[in-house]
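# Structural description and commentary
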Amino acid sequence: MNSKYPVVARRGNHRCEYCRAPEAIFNFPFEVEHVFPTSRGGSDDESNLALTCRSCNLHKSDVVTVWDSVAEEEVALFNPRTDRWSEHFELELERGEIRGLTATGQATVTQLHLNDPIQLMARLLWIQLRLFP
Ligand SMILES: [Zn+2]
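Below you will find a few notes about this structure. Small disclaimer: the values here were computed from a predicted structure and weren't measured.

Criteria and cut-off values
Numbering of residues starts from 1 in each chain and follows the order in which that chain's sequence is written. The model is predicted, so local features are restricted to residues of pLDDT at least 70 and side-chain atom pairs to those at 80 or more, both for listing and for counting; the totals for chains, interfaces and linings are taken over all residues. With hydrogens and water stripped out, all remaining heavy atoms of the structure feed into the side-chain values. Pairs were defined over the aromatic rings of Phe, Tyr and Trp, the Trp ring being its six-membered one, requiring ring centres within 6.5 Å. Orientation was assigned from the angle between planes: stacked under 30 degrees, edge-to-face over 60, tilted for the rest. To sort residues, take the accessible area from a 1.4 Å probe on protein chains only and compare it with the maximum for the residue type: under 20% means buried, over 50% means exposed, and anything in between is partly exposed. Here a donor is an N, O or S atom found within 2.8 Å of the metal, or within 3.2 Å if the metal is Na, K or Ca; sites may look incomplete because water is not among the atoms. Labels for metal geometry use angle windows, namely 85 to 135 degrees for all angles of a four-donor tetrahedral site, and for square planar (four donors) or octahedral (six donors) sites opposite donors over 155 degrees apart plus all others within 65 to 115; sites meeting none of these are irregular. Only DSSP runs of H or I with at least four residues qualify as helices, and only runs of E with at least two residues qualify as strands; both kinds are numbered from the N terminus onward.

This brings us to the packing of aromatic side chains. Applying the stated rule across the entire model yields six aromatic pairs. Each ring, one from W85 and one from F89, has its centre 4.9 Å from the other, and the planes form 35°; the classification is tilted. Each member of the pair W85 and F89 is classed as buried. Ring-pair connections join several aromatic residues into one group, and the members of that group are Y18, F78, W85 and F89.

Written as structure tokens, this is what we have:
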């Protein structure tokens with residue numbers, strides 16, 4: 001386990017900092033992710049770390065920006081260290097969807113597969129169990 005897990009997990013309130021999944025319902029600690037990947041020179045400093053679920057970490061990989069074909073520009077993915085979640089996303093509780101409110105929010109929803117059927121199914125169960133949002 002990453003040595004900075006205790007600090008990062010506490011700061012993230014034991015939730016995935018991208019999809020807000022509650023760590024308490026999983027049977028394994030969430031992962032410490034580098035917001036700016038080490039493969040691109042990102043540091044191990046706490047200011048570059050975020051708590052993520054396996055799904056978000058897997059889909060984010062070393063991606064930092066994605067090409068927005070409509071705006072024809074690179075759009076930054078959500079950065080849990082510098083962006084406010086509520087400015088970029090909103091929840092639609094009836095369907096369990098996370099909606100992007102900004103280009104960054106929309107790019108992140110797509111890149112991290114935040115509304116894949118399996119995500120929606122899990123989120124609806126967490127809502128029923130009062131573990132989400
Ligand atoms: Zn997640």
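Turning our eyes to something else, we now look at the coordination of the zinc ion. For the zinc ion, every protein donor is listed as C16 (SG), C19 (SG), C53 (SG) and C56 (SG), and the spread of their distances is 2.3 to 2.4 Å. With four donor atoms in place around the zinc ion and angles of 104 to 115° between them, the coordination shape is tetrahedral. Between consecutive donors of the zinc ion, the numbers of intervening residues give the motif C-x2-C-x33-C-x2-C. With C16 in the loop between α1 (5-11) and β1 (31-34) and C53 in the loop between β2 (49-52) and α2 (54-60), this residue pair connects regions lying 37 residues apart in the sequence. Comparing C16 with C53 shows no difference in burial state: the two are buried.

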